[in-house]
Amino acid sequence: MAAFEGQVVLVSGGATGLGAATATLAAEAGARVAIFDVNEADGLAVARATGGRFWHVDVGSADEWTAAVAAVTAELGPIGFAHLNAGIMTRPLDVALSVPPIEDFALGRYEALRRVNIDGVVFGLQALLPGMARRGGGAITITSSMGGLAPIPFDPIYSLTKHALVGLVRSLGAAHPSGPVRINAICPGGFTSDLFPPQLHAPDSLTPQDVAIEVLDLLASGATGETRLMLKKGVPAQAVSPSLGQ
Ligand SMILES: NC(=O)c1ccc[n+]([C@@H]2O[C@H](COP(=O)([O-])OP(=O)(O)OC[C@H]3O[C@@H](n4cnc5c(N)ncnc54)[C@H](O)[C@@H]3O)[C@@H](O)[C@H]2O)c1
């Protein structure tokens, strides 16, 4: 995609899964990629493979966002594109899938999800938007989930955080329809990363690469405020309307 040639593309949660796939495709399209993650070993490996740079950034820290965005800008140049993608689920994969009682939900685990899945996006926007505006514009794709548009019975708190991102993207799009920064969300169904319980992987499950293609499409040519749903292989991704049915 010509849009990325020579551009700086930042990917949070870029060490594995979807973020690593976005970084790889962006680099293949000529971008200089900046990978933010807490997983240093895999983040450095992706940086080496893509000719990009890795920064150890905890996305739940506003201060780390500010410092790292300044470092990327100084070392690679102004950031034109970003994929705000770091995310966690409630439960470790070795726990059998069942509905967790909300009243038993540990406060620390709730805070961890809120911190990565919501704060990690809000702080990222705060750190990135001023520089993108100074540059004359840019684009950001936020990773929500199918669980941001529909229930996830086995992880209601995760679904809560992903619904929050859909509300954020739609509201920012409505508030700033003419930019200067286009902000959209990708809402994938389950895809084959370590995050998604392997019991749920199926032959028609999406791969991180399938989803990354749509992430880059939204970055290159999306409008703004779009929530794009991808369900499974062979089913075209589609924008989901925020209409209230009137
Ligand atoms: N896999 C799925 O089925 C699926 C479906 C819909 C949405 N998603 C979303 O896709 C995104 C990517 O997930 P994935 O499936 O590729 O899983 P993944 O675990 O491979 O990737 C998530 C990345 O986020 C990083 N991360 C976690 N906490 C962080 C923090 N505090 N600071 C910085 N980085 C941190 C992890 O180290 C990891 O590299 C997530 O937001 C997830 O919620 C996944």
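Conventions and cut-offs
Residues numbered from 1 in each chain as written. Predicted model: local features only at pLDDT ≥ 70, side-chain atom pairs only at ≥ 80, totals over all residues. Heavy atoms only, no water. Helix = DSSP H or I, 4+ residues; strand = E, 2+ residues; numbered from the N terminus. Buried < 20%, exposed > 50% of the residue type's maximum accessible area, 1.4 Å probe, protein only. Polar contact = N/O pair within 3.5 Å; in protein donor to acceptor, adjacent residues only side chain to side chain. Contact = heavy atoms within 4.5 Å. Core = buried A, V, L, I, M, F, W, Y, C linked by side-chain atoms within 4.5 Å. Near = heavy atom within 4 Å. Areas by Shrake-Rupley, 256 points an atom, 1.4 Å probe, with all protein chains shown as cover. 1 Å grid on protein atoms, 1.4 Å probe; cavity = no way out; pocket = protein on both sides within 12 Å on 5 of 7 lines; lining within 4 Å. Sits in = over half its atoms within 2 Å of the grid points. Nonpolar A, V, L, I, M, F, W, Y, C, P; charged D, E, K, R; others polar. Phe/Tyr/Trp six-rings, centres within 6.5 Å; stacked < 30°, edge-to-face > 60°. Lys NZ or Arg CZ within 6 Å of the ring centre and 35° of its normal. Pairing = 2+ DSSP bridges. Axes fitted to C-alpha atoms, helices over the stretch in contact; angles between N-to-C directions.

Draft legend 1. Representation of the side chain of N117 in the model. Position of N117 relative to the elements: it lies in helix 4 (residues 107-135). N117 sits in the buried class, given a relative accessible area of 1%. Within the local environment of N117, its side chain forms a polar contact with the backbone nitrogen of I88, the two atoms lying 2.9 Å apart. Of note is the side chain of N117, whose polar atom sits 3.1 Å from the side chain of T161. Not counting chain neighbours up to four residues away, the residues in contact with N117 comprise A86, G87, I88, Y158, T161, K162 and L165.

Draft legend 2. Fine view of the nonpolar core. Residues F36, W65, L84, L128, I140 and I142 are the most contacted members of the largest nonpolar core, which totals 29 residues. Listed by contribution, the elements that provide at least two residues to this core are strand 1 (8-12), strand 2 (32-37), helix 3 (62-76), strand 4 (79-84), helix 4, strand 5 (138-143), helix 5 (156-175) and strand 6 (181-188). Looking at this core element by element, the count peaks at 6 residues for helix 4. F36 has contacts with L10, V11, S12, G13, G14, W55, V57, W65, A68, V69 and V72, leaving out every residue within four places of it along the chain. By size, the runner-up hydrophobic cluster in this structure holds 28 residues, among which are A23, A31, L218 and L219.

Draft legend 3. Broad picture of the site of the ligand. Around the ligand, the structure places 28 residues, and the nearest of them are T16, L18, D37, Y158 and S193. One of the side-chain nitrogen or oxygen atoms of K162 is found 2.9 Å away from an oxygen atom of the ligand. Here the ligand loses 92% of its free accessible area of 820 Å² to cover by the protein chains. Structurally, the ligand is housed in the largest pocket. Put simply, the parts of the chain that give the shell around the ligand at least two residues each are helix 1 (17-28) and helix 5. Per-class residue counts for the shell around the ligand are 13 nonpolar, 12 polar and 3 charged.

Draft legend 4. Looking closely at the packing of aromatic side chains. For the structure shown, the criterion picks out 3 aromatic pairs. Ring centres of F36 and W55 lie 6.2 Å apart, and the angle between their planes is 70 degrees; on these two criteria the pair is classed as edge-to-face. Separated by 19 residues along the polypeptide, F36 in strand 2 and W55 in strand 3 (residues 53-56) bring together distant segments of the chain. Under the relative-accessibility criterion, F36 is labelled buried at 0%. Judged by relative accessible area, which is 11%, W55 ranks as buried. An aromatic cluster is defined as three or more aromatic residues linked by ring pairs; in this entry it consists of F36, W55 and W65. One Lys or Arg, R53, reaches over the ring of W55 and ends 4.4 Å from the middle of that ring.

Draft legend 5. Spotlight on the sheet that holds strand 2. Strand order in the open sheet made by the 8 strands is 3-2-1-4-5-6-7-8, with mixed pairing throughout. The open sheet has two edge strands, strand 3 and strand 8 (238-239), and neither has a second partner. This element, helix 4, spans strand 1, strand 4, strand 5 and strand 6 of the sheet and lies at about 165 degrees to strand 4.

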